[in-house]
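Observations on chain architecture
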Amino acid sequence: MNVSLTLWVLTIVGLAALIAVDFFIGRKPHDVSIKEAGIWTIVWIALAGLFGLGLLVFGGGQPAGEFFAGFITEKSLSVDNLFVFVLIMAKFAVPSQYQQRVLLVGVLIALVLRAAFIAAGAAILGSFSWVFYLFGAFLIWTAWKLIQEARTSTEEEEEYEENKLLKAVERRFGVADRYHGTKLWIQQNGKRVMTPMLVVMLAIGTTDVLFALDSIPAIFGLTQDPYIVFTANAFALMGLRQLYFLIGGLLKKLVHLSYGLSVILGFIGVKLVLHALHESGVHVPEISIPVSLGVICAVLAVTTITSLTASRKREAAEAVDKGGERARKDSVET
C-alpha cells in the first residue's frame, strides 16, 4: 500500500486530535466509572473499525484485512500489559482519581517509543529479508517462554520491579516523598525533583517497551506495511486506558490468557518463517491474512471461554471450602 507523506501527516494529526479530545474530557482527576470506561472503550473500537473500513474502501481488502488482524493481535497482547499496569499502580500506590492521567501519559510515551521501534523494524526488514527468520524464531521462543511462565507463576510471586532506566532517572533527578496532585515536578529543599506521578508515568511507558519486543515482530508477521503497523498499534494502545478500568476486575479471571497469547505468537512465528522461506525461493505454503485473522479470533474466543469457565469452577470450589470450614468451626464451638 503506497502511503503519501500527506496521508501520513493527516493520520498523525487526526490521531493527535483524538488524543487531545480524550485528554480534554478526562482532564479533571476523578474515579472512572464502569459506564464511562465502557462508553469510551466502545468509541475507540468503533473508531478503529471505521478506520479499517476506510482502508477497505480506498485501499482494498488486503490492507483492511491486515489492519484488522494487526489491531486484534495488538489489542489482545495489550490486555496482557494491563496485568503489569495493575502491579505498577499498586507498587507506587497511585490514588484512584489520578490513575487515568497516569495511564494517558504513560500510553502516549509508549506510543512514541513504539513508533521508533516500528520505523527501525521497517528499515531493517526492507534491507535484510533474513530478519524474518530471526523474528519468527524469536516469537516461537517467546511463545514457549510464555507457556513456561504461565505454568510456574503464582499470584503471590507477582511483583513489579523498576527497570534500570527508571532507577537511573530517579537517582539523577530525585523523587518527592508524596504525590502533589497532578504535578510532575516540584521544588523540594531548594532542588527541582520529580513527583511520584511522573515516575509512575515513566514506569508504564518504559515497561511497554518490553512488551513491544514481541508485539512489534508479531504484527510485522501479519503485514510489512509500516503505515498499517503504526495505525494498528496506535488504535490498540489508545483505548488501553479505558480498557484498564473496564476489565480491571476481570483480569484475574483470564487465567488462560497467557496460553492463548502464546499460541498466537507461536502461530505468527511459524507464519514469519514460512514467509522467509518463500522469499528465499523455497516453495512452501504461506498463511493468508483471512486464515490468520480466523485463527487469532478463534484462539481468543476459546481462551476467554475456558478462562471464565475455570474461574467459575475455582470460585465455586472456594465457596464450598469456606462453607465446610465455617461448618467445622460452628460444630467445634457447640
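Residues numbered from 1 in each chain as written. Predicted model: local features only at pLDDT ≥ 70, side-chain atom pairs only at ≥ 80, totals over all residues. Heavy atoms only, no water.

**Re a positive patch on the surface**
Just so we agree on the cut-off: Without a salt bridge and with relative accessible area above 30%, a residue can belong to a patch; like charges are then joined within 9 Å and nonpolar side chains (Val, Leu, Ile, Met, Phe, Trp, Tyr) within 5 Å. Reported accessibility uses the Shrake-Rupley method at a 1.4 Å probe radius. Residues are deemed covered only where the shown protein chains occlude them. Any carboxyl oxygen of Asp or Glu that lies within 4 Å of a side-chain nitrogen of Lys or Arg is treated as forming a salt bridge with it. Only four residue types enter the charge count, namely Lys and Arg as positive and Asp and Glu as negative; His and the chain termini do not. The location of each charge is read from NZ of Lys, CZ of Arg, CG of Asp or CD of Glu. Starting at the N terminus, helices and strands are each numbered in turn, a helix being any DSSP run of H or I of at least four residues and a strand any DSSP run of E of at least two.
A cluster of basic side chains, namely Lys91, Lys164, Lys167 and Arg171, defines a positive patch on the protein surface. No other element matches helix H6 (residues 164–173), which puts three residues into the positive patch. Considering the arrangement of structural elements, one finds Lys167 in helix H6.

**Remarks on the pattern of salt bridges**
Enumeration over the complete set of coordinates arrives at one salt bridge. Glu74 is the partner of Arg114 in a salt bridge, and the nearest nitrogen-oxygen pair spans 3.1 Å. In this pair, Arg114 sits in helix H4 (residues 99–127) while Glu74 sits in helix H3 (residues 61–91), placing the two residues 40 residues apart along the sequence.

**A closer look at the packing of aromatic side chains**
Note the cut-off: In this scheme Phe, Tyr and Trp rings, the latter by its six-membered ring, pair at centre separations within 6.5 Å, and the angle between planes marks the pair as stacked below 30 degrees, edge-to-face above 60, and tilted otherwise. Each residue's exposure class comes from its accessible area (1.4 Å probe, protein chains only) as a fraction of the maximum for that residue type: buried when under 20%, exposed when over 50%, partly exposed otherwise.
Per the counting criterion, the structure on display carries 11 aromatic pairs. Plain terms: the ring middles of Trp8 and Tyr227 are 5.2 Å apart, the flat faces sit at 90 degrees to each other, and that makes the pair edge-to-face. Here the residue Trp8 occupies a position in helix H1 (residues 5–25), and Tyr227 occupies one in helix H8 (residues 226–238), the gap between them amounting to 219 residues. Measuring from centroid to centroid gives 6.1 Å for Phe138 and Trp141, while their planes differ by 35 degrees, and the two rings are tilted. You can see Phe138 and its partner Trp141 sitting in helix H5 (residues 131–152), three residues apart, about one turn around the helix. The exposure class assigned to Phe138 is partly exposed, which follows from its relative accessible area of 29%.

**Focus: a nonpolar patch on the surface**
Judged by side-chain polarity, Leu50, Leu53, Leu56, Val57 and Phe58 come together as a nonpolar surface patch covering roughly 580 Å² of accessible area. Looking at where Leu56 falls in the secondary structure, it is placed in helix H2 (residues 34–59). The partly exposed category is assigned to Leu56, whose relative accessible area is 43%.

**So, the environment of Thr207**
The topology assignment puts Thr207 in helix H7 (residues 196–220). Among the residues examined, Thr207 registers a relative accessible area of 6% and is labelled buried. Between the alpha carbons of Thr207 and Asn81 there is a distance of 8.8 Å; along the sequence they are 126 residues apart.

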